[in-house]
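Here is what each chain is made of, one letter per residue.
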Amino acid sequence: MQCFGLHAQNGIEPFLNMIRHLDYKPMTAAEVAAFPDKSLRFGFTYRTFIADQSRYLPWLAVQCRDLGIMFRQQSVSRLEDLASEFDAVINCCGLGARQLLGDEAVQPIRGQVIRVKAPWVRDTTIHQTADGAAYIIPQVDCVVLGGTFQEGDWNRNVSEHDSRAIRDNCQRAVPSLRHAVEPAVQVGLRPKRTSGVRLEAEVFPTADQSTSGTSAGGEHHDRGNRPGGGLFVVHNYAHGGCGVTMHQGCAEEAAAIMQQWLSEQLHYGIRPVLGQRGATTTKAKL
């Protein structure tokens, strides 16, 4: 999909470094001037894909089930309680880490978006000016207009003030959106951690243990990689507003940490419990 980045001033080089391999092209002054907002001074285009989560997540679930993975929903108050059934867990609890792990570094970033019917809009536009930021992202059966990035805000209710700001900012970038039909407004909380994504291993002692190995970067030691090492946990949470962008890379890294642990267990002659037909996934409902 073609994407436009439009800004009132230059100063986004760190972002540009991430997209230079995506057919990135700076826009000429004449191309920028063709947009209705005359405060714009800088622009660029690139090509990327858009993941419609309402379809992508169900598709991923089907792929998992085809591999024999089972889904089970239950309440979990302590990860240690899972040790009676499993030897290892991948923890993707998001904001639930505050309750499940006492990780108060995890905070919400409130996001509000409007989904509209505007089939004539086929390009993604990121629009940043002194009056505010806007993003316009076409999906399969709607166009997503956003949005807000309100750190520390737990409010899940729709704000009409935010809706007006979103409409104004998006219509400034694409005036034809004034004719869009607005079927839905949505609010969600993104899990952010002040020290960044938590992607590392930790070993939780079980009831009959008092010591365990822990890790700050995926490595484990002491009893953590030998018989009786407790519940092995790979944490993978707090991706902020970049979950879609980072999900595959983080999943691959989490899987690599788990694979290393499994190899070590087999080295010691242990066959860890992975559930029926390969793996069991537990969704913590907090």
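Quick summary incoming for the structure in this document. (Residues numbered from 1 in each chain as written. Predicted model: local features only at pLDDT ≥ 70, side-chain atom pairs only at ≥ 80, totals over all residues. Heavy atoms only, no water.)

Quick notes on the side chain of R190
Argument step 1. Along the chain, R190 falls in strand 11 (residues 181-193).
Argument step 2. As a buried residue without a salt bridge, R190 has its nearest oppositely charged side chain in E151, at a separation of 9.0 Å.
Argument step 3. At a separation of 3.5 Å, a polar atom in the side chain of R190 contacts the main-chain carbonyl oxygen of R110.
Argument step 4. With residues near it in sequence (within four places) discarded, R190 still touches L95, Q107, P108, I109, R110, G111, Y135, T148, F149, G240 and G241. (Helix = DSSP H or I, 4+ residues; strand = E, 2+ residues; numbered from the N terminus. Buried < 20%, exposed > 50% of the residue type's maximum accessible area, 1.4 Å probe, protein only. Lys, Arg positive; Asp, Glu negative; His and termini not counted. Salt bridge = Lys/Arg side-chain N within 4 Å of Asp/Glu carboxyl O. Polar contact = N/O pair within 3.5 Å; in protein donor to acceptor, adjacent residues only side chain to side chain. Contact = heavy atoms within 4.5 Å.)

Focus: the pairing of strand 3 (residues 42-47)
Argument step 1. Of all 6 residues that make up strand 3, 5 are buried, and the element is covered over most of its length.
Argument step 2. Examined bridge by bridge, strand 1 (residues 2-7) and strand 3 share 6 bridges and lie antiparallel to one another. Bridge pairing in strand 3 places Q2 opposite R47.
Argument step 3. Bridge count between strand 2 (residues 25-26) and strand 3: 2 bridges; the pairing is antiparallel. Bridging across to strand 3, K25 finds its partner in T45. (Pairing = 2+ DSSP bridges.)

Quick notes on the environment of I109
Argument step 1. Locating I109 in the fold gives a position in strand 6 (residues 106-117).
Argument step 2. Along the backbone, I109 and W154 are 45 residues apart, and their C-alpha atoms lie at a distance of 7.9 Å.
Argument step 3. Sequence-distant contacts of I109, that is, excluding residues within four places in its chain, are made with F149, Q150, E151, G188, L189, R190, K192 and G240.

So, helix 6 (residues 243-267)
Argument step 1. Here helix 6 contains 25 residues, and its C-alpha end-to-end distance of 34 Å stays within 8% of the 36 Å for a straight helix at 1.5 Å per residue.
Argument step 2. For helix 6, the principal kink sits at G249 and spans about 30°.
Argument step 3. Restricting attention to buried positions, one finds in helix 6 the residues C250, A254, I257, M258, W261, L262, E264 and Q265.
Argument step 4. Buried positions along helix 6 lie against strand 5 (88-91), strand 12 (198-204) and strand 13 (231-237). (Expected span 1.5 Å × (residues − 1). Bend = angle between axes of the 7 residues up to and from the residue.)

Topic: the pattern of salt bridges
Argument step 1. Across all of its chains, the model carries 11 salt bridges by this definition.
Argument step 2. Residue R110 is joined to D162 by a salt bridge in which the shortest nitrogen-to-oxygen separation is 2.8 Å. One end of the pair, R110, is in strand 6; the other, D162, is in helix 5 (residues 160-173), with 52 residues separating them in the sequence. When sorted by exposure, R110 lands in the same class as D162, which is buried.

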